[in-house]
Each structure stands twice: as structure tokens, then as C-alpha cells.
Protein chains: 2
Amino acid sequence: MSPRPGIDRLQLLQTAAELADRDGLHALTLAALAGKLGVRSPSLYNHVDGLTGLHAALTLYGLQTLHDRMLKSVAGRSGEDALRHACLSYVDFARSHPGLYEAALQPIRPDQQEIQQVGDQIVELLLQILVPYQLSQSEALHTVRTLRSLCHGFSSLDRAGQFALDLSLDDSLEFMIQIFIDGLTLHKTRQ
Amino acid sequence: MSPRPGIDRLQLLQTAAELADRDGLHALTLAALAGKLGVRSPSLYNHVDGLTGLHAALTLYGLQTLHDRMLKSVAGRSGEDALRHACLSYVDFARSHPGLYEAALQPIRPDQQEIQQVGDQIVELLLQILVPYQLSQSEALHTVRTLRSLCHGFSSLDRAGQFALDLSLDDSLEFMIQIFIDGLTLHKTRQ
DNA sequence: TTTTTAAAACTAATGGTATTAGTATATTAA
DNA sequence: TTAATATACTAATACCATTAGTTTTAAAAA
């Protein structure tokens, strides 16, 4: 045990995520976080390495949460069903935790290995789902990039208010997943 | 003519874009921009409405530039060829102007009509390209959302360093576009 | 040519932010 | 009861956006 309890790290991350979800990642300041935790800003430096460190911690926390959600949503499913639910859980997470999701996809530096690892876990989860499609290794990786682009692009554009038209978002999502699955199926049968 | 020339607005936007491209949008401060323009920060308030106004101006400028690039790249092309080049020019713009592109896709408020309009122009350009596919109106709009999600997601993940693996980005992009075209083709033939 | 005018530049000042240095405190372990 | 140490604190600095008020400058009017 520590000589003084201090702030719980998980509580710090959850509070930071709350602020980011409510007001946007840009509004997550050390001052605001400290205020909500009932502490002075400099005290936070005992737990995170400044604002940059807080962002990095949130990136990791967000990716871990995203991976967890996706993992649970595809448990017991396979094939198209798994693919569909992987996308749905991805988009659902981004929609329900916009600030944390934004933090999760902040640019990462090559030396941030722990973050890289969680990203790799997500890639491997998707690769696992794609096994039934019997793709070559490079094809599978291209497919994962396509899947991630689709889910991230949709989530990101939605949050940015770029889908302003009066047209169901859920229908669009179902449509695009189907286009992807059809494209992949056609690609496979052509070989 | 004005009673005093002052800073050229286009030059202001270009300089701001340069800074954003080089150091990231978050590093574009009024202080930095003023410094590069050889002027004091408060003077910028004669040209833009603070940092928020600068961001809004960059959003518009970025979207206009993106639309212009796409328009030129699909001139004289049609069908799959046009579709492919629309995606390629989109991703190319995002890659070569990361800061300006990031600004272009900042969240927009409903009252920013001029920005909305340019966004609509991009949507209409894509709808035009999709005419040969004879889609219903709602299908066409879902398709445009899919296209934009793919292009934005790919560009955004690329910039964020999420495509770390040693695998050709250009190959992934070509693969992704082909999956989309195949999926759309299959969707059409099924009706 | 001289005067007027208005936009654009400036200085000065304020408040908010991150960050660092150094000090006080509280809790565990000896 | 005391010593050690992680944590929180205050104080201070530097940078930033922003506002208010003043000065400058170039074009238009006289």
C-alpha cells in the first residue's frame, strides 16, 4: 500500500472520459479534471505526465474499452453475423462515448508500445472473424484496414455532423455493412 | 478600396494551412499565425473572429479545396473510373494536407450554412458519379455515406498512425475501392 | 495639395491555461 | 512513537486568447 491513498487511477480515467464525452476532448483540461476530482491541477502530475500523458492514458483506456466491447459482441457468433456485430458494437461505442472514442484514435507515436498492442488486439479480433473467408494474409490485412476505415469513417463523420440529411443513420450503417460483405464475398468467389 | 490594405485574406488562410499541415491543427495558434504573418495577435481580430473563427474559415477553405481537387480528378471520367479517381483524389488531398484536411472535417454547427453548402457540393458530386448505377434516391444517399466513410476513415486512420503494419497503403486503398465497387455492383444486380 | 475618414495596426491589460519548484501533510511501516 | 514516502498543496512563471482603447496609414473628399 502507498503511504497515502490519493486519487484512484481508474476513477481519474473515468472522470476524464466523462468530461471528454460531455464537452468534447478539446474541453478536457487539467484544470477541469482537477476541479471535478476535488483537487488542484498540479496534484494531477502525481498520476499522469501532464496533459499529454492524460491524453495517452485516455487513448489506451479508450482502445481497451473498444476492444472489450467488440470482443463481447462477437462472442458466440461467426461469419457474417460476427462481422456485422463487430461493426455495430464499434459504431455504438463511438456514438455513446464520443470523447473517449476521439481520444482512442488520437495519433500515436511509434514508441507507445502499450497502445500499439491494444490496437493489434483489435486487428487480431477482426482477423479471427475473417478466418471463414479463407483470405490470403495480405488480403486479410487489406480487409481489416477496409473494415476499420468503414467503421471509423462512419463514426467520425457522424460525430462531426456531416450526415445532416434526413436519412436514417442505422439504415446507412446496415447498408454499408452489407455492401462490404457483398464486396468481400464477390472478391472471394472470383478466385 | 479599403483605407488600408492590411493582410490578404487568402494569404492568411494559406499561412494558417501551412502551419496546420506542418505542426498539426492543435498547434495552430493565433500567436503562431500572427508571428508568421509579421503582425501582433490582436491584429488578426480584424480578419477573423478569434481562434474559433479561424477554424471555421479553415473548414470552409479546406472543404472548398477538397471539392475542387475531386472535381478536377473526375473530369472526363465516368463509371468505375470516376469512382476510383474520386476516392484517390480525396485520400491524396488528406495525405498531402493533413492539417487543412483535419480542419475541413471539424464538427460543424447547423448555422454554418456556407460550410454546409460546400459539403453538399461534395455529396452532389458523388451522387453525379453514381448516376450510372441507377440507384433509388435513398440507396444513392446511403452509398454516398459509405463512400465518404471509407475515404475519411482510411485517411484519418492513416494519419493517426493506425496502419502501422508493413503493408502497402496504396494496395489497401485499391483493395478497399474494389471491395466497394464489387459490393455496389452485386447490390444492383440483386434487384 | 490638404483634409477627412475608416480600416487596420498597435500597446496595455485581464483571465485562463499548463507547468515547475518547493513545502506541507497524511498514512503506512518500522 | 517515529521515520519514510507518496501525495497534495501554495507560489510562481510563461504562454495563450481576448478585450479596450489608441495610433497609424492609405484612400477618398475637399
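Keep in mind that this is a model prediction, so the values were computed, not measured.

Draft legend 1. The arrangement of the interface of chain A and chain B in detail. Taken together, the contact pairs 44 residues of chain A with 44 residues of chain B. Along the contact surface separating chain A from chain B lie 17 residue pairs in polar contact (both at pLDDT 80 or more). Listing elements by their share of the side of chain A that touches chain B, those giving two or more residues are helix 7 (137-159) and helix 8 (169-189) of chain A. Per-element accounting of the side of chain A that touches chain B gives the leading share, 16 residues, to helix 7 of chain A. Taken together, the residues that form the side of chain A that touches chain B break down as 20 nonpolar, 17 polar and seven charged.

Draft legend 2. The arrangement of the relation of the copies chain A and chain B in detail. With an RMSD of 0.1 Å, chain A superimposes on chain B once it is rotated by 180° and translated 0.0 Å along the axis. With respect to symmetry, the two chain copies, as superposed, fit the operation of a two-fold axis. Both copies share a contact surface, since 100% of the interface residues of chain A are interface residues in chain B too.

Draft legend 3. How the structure looks around the nonpolar core. Formed by 128 residues in total, the largest nonpolar core has its most connected members in A:L12, A:L28, A:L33, A:L58, B:L12, B:L33 and B:L58. In contact with A:L12, other than residues within four places in its own chain, are A:I7, A:L33, A:L37, A:L44, A:H47, A:V48 and A:L54.

Draft legend 4. Highlighting the protein's contact with DNA strand C. Within the structure, DNA strand C sits among 22 residues, and A:R4, A:L30, A:Y45, B:S43 and B:H47 are positioned closest to it. Of everything in DNA strand C that lies within 4 Å of the protein, sugar and phosphate atoms constitute 72%. A distance of 3.2 Å is found between a base nitrogen of DNA strand C and a side-chain nitrogen or oxygen belonging to B:N46. Taking B:H47, its side chain carries an N or O atom lying 2.6 Å from a phosphate oxygen of DNA strand C. At the level of secondary structure, the elements contributing two or more residues to the surface near DNA strand C comprise helix 2 (30-37) and helix 3 (50-74) of chain A. Its residues placed into classes, the surface near DNA strand C shows twelve nonpolar, seven polar and three charged.

Draft legend 5. Local environment of the UniProt feature "DNA-binding region" (unreviewed entry) in chain A. Under the UniProt annotation, "DNA-binding region" (unreviewed entry) lies at residues 29-48 of chain A. In residues 29-48 of chain A, the share of helix is 40% and the share of strand is 0%. The end C-alpha atoms are 13 Å apart.

Draft legend 6. Looking closely at the state of the cysteines. In this structure the tally under the stated criterion is zero disulfides over all chains. In this structure A:C87 is a free cysteine whose sulfur lies 3.6 Å from that of A:C151, the closest cysteine sulfur available.

Draft legend 7. Highlighting the protein's contact with DNA strand D. For DNA strand D, the set of nearby residues contains 23 residues, the closest of which are A:R4, A:S43, A:H47, B:L30 and B:Y45. The share of sugar and phosphate among atoms of DNA strand D within 4 Å of the protein is 70%. The separation between a phosphate oxygen of DNA strand D and a polar main-chain atom of B:A31 is 2.9 Å. For the surface near DNA strand D, the elements supplying multiple residues, two or more each, are helix 2 (30-37) and helix 3 (50-74) of chain B. Tallied by class, residues from the surface near DNA strand D come to twelve nonpolar, eight polar and three charged.

Draft legend 8. The UniProt feature "domain: HTH tetR-type" (unreviewed entry) in chain A, seen in detail. Under the UniProt annotation, the feature "domain: HTH tetR-type" (unreviewed entry) is placed at residues 6-66 of chain A. Between the C-alpha atoms that bound residues 6-66 of chain A there is a distance of 28 Å. The span itself is 66% helix and 0% strand.

Draft legend 9. Fine view of helix 2 of chain B. All names here are of chain B. Among the residues of helix 2, those classed as buried are L30, L33, A34 and L37. Angularly, the buried residues of helix 2 cover 100° about the axis, an arc narrow enough to put them on a single face. Looking at helix 2, the residues exposed on the side facing more than 90 degrees away from the buried face are A31 and G35. Elements that come into contact with the buried residues of helix 2 comprise helix 1 (9-23) and helix 3.

Draft legend 10. Main features of the side chain of A:H152. With respect to the helices and strands, the residue A:H152 is situated in helix 7. Residues contacting A:H152, with those up to four places away along its chain left out, are A:Y90, A:Y101, A:L105, B:G153, B:S156 and B:L157.

Draft legend 11. Fine view of unusual backbone geometry. One non-glycine residue, A:Q134, adopts positive backbone phi at about 50°. Among the structural elements, A:Q134 can be located in the loop between helix 6 (113-130) and helix 7.

Draft legend 12. Representation of the packing of aromatic side chains within the structure. Residue and element names in this part refer to chain A. Within the structure shown, the criterion is met by six aromatic pairs over all chains. Ring geometry for Y90 against Y101: centres 5.7 Å apart, planes inclined by 75°, an arrangement best described as edge-to-face. With Y90 in helix 4 (residues 79-96) and Y101 in helix 5 (residues 98-104), this residue pair connects regions lying eleven residues apart in the sequence. Of the two residues, Y90 and Y101, both sit in the buried class.

Cut-offs used in this document
- Residues numbered from 1 in each chain as written.
- Chains lettered and ligands numbered in written order.
- Predicted model: local features only at pLDDT ≥ 70, side-chain atom pairs only at ≥ 80, totals over all residues.
- Heavy atoms only, no water.
- Contact = heavy atoms within 4.5 Å.
- Polar contact = N/O pair within 3.5 Å; in protein donor to acceptor, adjacent residues only side chain to side chain.
- Helix = DSSP H or I, 4+ residues; strand = E, 2+ residues; numbered from the N terminus.
- Nonpolar A, V, L, I, M, F, W, Y, C, P; charged D, E, K, R; others polar.
- Least-squares fit on C-alpha atoms with pLDDT ≥ 70 in both.
- Core = buried A, V, L, I, M, F, W, Y, C linked by side-chain atoms within 4.5 Å.
- Buried < 20%, exposed > 50% of the residue type's maximum accessible area, 1.4 Å probe, protein only.
- Near = heavy atom within 4 Å.
- UniProt positions renumbered as here; feature names shortened; annotations may be inferred.
- Disulfide = S-S within 2.5 Å.
- Arc of directions from axis to C-beta.
- Phe/Tyr/Trp six-rings, centres within 6.5 Å; stacked < 30°, edge-to-face > 60°.

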